[in-house]
Amino acid sequence: MEESQLSTTSGAEDDDPQPSTSNITEDDDSESSSSSAEDEPMAKRHLTVEEVRGMWNLVKVYRQLGTREQAIAFAEDRGMIPRTKMCQHHKKEMKIIYSTNKTVGSFVCNKSHRRAKFRVSRAKGTLFDNIKILMPQVFYLMYAYAQKYSYDETIREDFSEREQCLSTSTISNWFNQYREAVVKYQKHQQSMKGHIGGMGKVVQVHASQFSKRKNKESGTRGLWILGMIEDGNEDLRLEACTSNILSAEVLLPLIKKHVAEGTTIITDTSQAYDCLGDNGYIHRKMNHSDENNHTVGEKVRAQRIQSHSQWCAVKRFLSKDSYSNNSSNMDDLIYEYLWRREVKMKREDPFEELIHVINHSYKNHNPPLFFATVE
Ligand SMILES: [Zn+2]
């Protein structure tokens, strides 16, 4: 297989069908550009009027989360900051004061403690701990990340009253923080689901090599990404290979990690897959000409073509120009892609889903909000 040159005409669009505008070319096959219907990985992707009306948009974010008071109330409602806290010493509910803390206020015990009044920031251990931006901006940036805004868009649409613009480093820090939560969440979800495939099931396996533009110029070969998807199931699995060579040693552990033994695996004709038959799988090879070969079963061909078009959507996402300068590693981008894909598939609001992800992340990975320091 040869390295794929992948590029798109614009950096900011997503993986929605873009009939005949994607510039994907592949050296390893002569795949024609897919029609928009084939491109669409999930059936009935288009949302109903009610679904669209119920979703967040920028105006709604501005109207409902545009002030600090609104943002605090929203964070309380969604369980992102604690509403109450007991003083462990006096077993008495603490008061919230806003004067000492520019974000979400502090809990204070009015009773006398040994040295001073007992006080702890309400932001401690939450997303809002030590933030350097305004409360509404935290939600604005959450919205921008959820909607996959570019940095330029994010700077331009910022509605806060601040004189300064958001800097790219601020945006990047927050986007990275949100991405980190998404990656953790998505990995957790995947581990709960276990293996795909099994006896009598068919899993399609694809691999492509991705390289960032600057690497390509310097001649460095890109990473291999492996995709696995079961026929009739939308639970896509992706793995970045640690080596830039596609070999049995690299492939087998990754396939074993996701695909149950006894599964029929369909791959292309690369020799790297020859190991599968000796390792508990039923292996079938299929090249692109087979996809047009009518002696191959109609259903088998249809599934291969369908999984191929899903694979094209994956490649488009991972090869965006916007990611050429992205410091995130491929592994994180893969999980981010899988998360966005799932949100779209389940017809959910990306902003609401991101709140869910952040709450999951903070509740599972931070110590509970019981410890506090005396000031
Ligand atoms: Zn107290």
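Residues numbered from 1 in each chain as written. Predicted model: local features only at pLDDT ≥ 70, side-chain atom pairs only at ≥ 80, totals over all residues.

Asks: Could you clarify how one ought to interpret the overall build of the protein in this entry?
Replies: When helices and strands are tallied, the protein shows twelve helices and ten strands. Expressed as a percentage of the 375 residues in the protein, the buried residues total 30%. Taking all contacts inside the protein whose residues are at least 6 apart in sequence as the whole, residues at least 24 apart take part in 59%. (Helix = DSSP H or I, 4+ residues; strand = E, 2+ residues; numbered from the N terminus. Buried ≥ 20, exposed ≤ 12 C-beta atoms within 10 Å, placed from the backbone. Contact = placed C-beta atoms within 7 Å.)

Asks: Before we go on, may I ask you to explain the confidence of the model for the protein in this structure?
Replies: It should be kept in mind that the predicted coordinates are not to be read in detail where pLDDT is low. Mean pLDDT over the protein stands at 81; residues scoring 70 or higher make up 77%. Counting interchain partners and residues more than four positions distant, the pLDDT-below-50 stretch residues 365–375 has 15 contacts. (pLDDT = per-residue confidence, 0-100.)

Asks: It is not clear to me how the packing of helix α4 (residues 68–77) against helix α5 (residues 135–146) should be interpreted in this structure. Could you clarify?
Replies: Pairs of packed helices are described in terms of their axes, by the angle between the two and the distance that separates them. One can describe the packing of α4 onto α5 by two numbers: an axis separation of 7 Å at closest approach and a directional angle of 65°. Across from R68, A71 and I72 in α4, the residues of α5 making contact are M135, P136 and F139. In terms of residue class, the contact of α4 with α5 is built from five nonpolar, no polar and one charged. (Axes fitted to C-alpha atoms, helices over the stretch in contact; angles between N-to-C directions. Nonpolar A, V, L, I, M, F, W, Y, C, P; charged D, E, K, R; others polar.)

Asks: How should the sheet that holds strand β8 (residues 237–240) be read in this particular structure?
Replies: Within a sheet, neighbouring strands are paired by backbone hydrogen bonds and run either parallel or antiparallel to one another. The sheet built from five strands is open, its strands ordered β8-β7-β6-β9-β10 with mixed pairing. This sheet does not close on itself; its edge strands, each paired only once, are β8 and β10 (282–285). Here the strands of the sheet are splayed against their neighbours by 25° on average, with no regard to which way each runs. Where strand β6 (residues 202–210) meets strand β9 (residues 264–267), three bridges bridge the pair, whose relative direction is parallel. Bridge assignment links Q204 to a residue of β9, and that residue is I266. Relative to the sheet, helix α9 (residues 248–258) contacts β6, β7 (223–230) and β8, its axis offset from that of β7 by approximately 30°. (Pairing = 2+ DSSP bridges.)

Asks: Is there a simple way to think about the nonpolar core in this case?
Replies: Most often, soluble globular proteins keep nonpolar side chains buried together rather than apart. With 68 residues, the main nonpolar core has M142, Y143, Y145, Y178, L226 and L354 as its most contacted residues. By residue number, the principal contributor to this core is α5, which donates nine residues. Taken together, domain 1 (36–49 + 195–347) and domain 2 (56–166) each give at least three residues to this core, which thus spans both. Beyond its immediate sequence surroundings of up to four residues, M142 is in contact with Y178, F351 and L354. Ranked by size, the runner-up nonpolar core spans five residues in total, among them F107, C109, F118 and V120. (Core = buried A, V, L, I, M, F, W, Y, C linked by C-beta atoms within 7 Å. Domains from an automatic or database assignment.)

Asks: Explain the environment of L127 to me, please; I cannot follow it from the model alone.
Replies: By the element assignment, L127 lies in the loop between β5 (118–121) and α5. For the pair formed by L127 and Y362, sequence separation is 235 residues and the distance between their alpha carbons is 7.4 Å. If near-sequence neighbours (up to four positions away) are discounted, L127 is found in contact with M80, V138, I358 and Y362.

Asks: Mind showing me how you'd approach α5 here?
Replies: For α5, which comprises twelve residues, the first-to-last C-alpha distance of 17 Å matches the rise-based estimate of 16 Å (1.5 Å per residue) to within 8%. By the criterion of burial, α5 is predominantly enclosed, with eleven of the twelve residues buried. Downstream of α5 by one or two residues, K148 has phi in the positive range, about 55°. (Expected span 1.5 Å × (residues − 1).)

Asks: Hey, could you run me through helix α7 (residues 168–193) in this one?
Replies: Side chains three or four residues apart in an α-helix point the same way, a direct result of the helix having 3.6 residues per turn. For α7, built from 26 residues, the straight-helix expectation of 38 Å at 1.5 Å per residue is met to within 8% by its first-to-last C-alpha distance of 37 Å. Buried within α7 are the following residues: I171, W174, F175, Y178, A181, V182, V183, Y185 and Q186. Positive backbone phi, approximately 75°, marks G194, located one or two places after α7.

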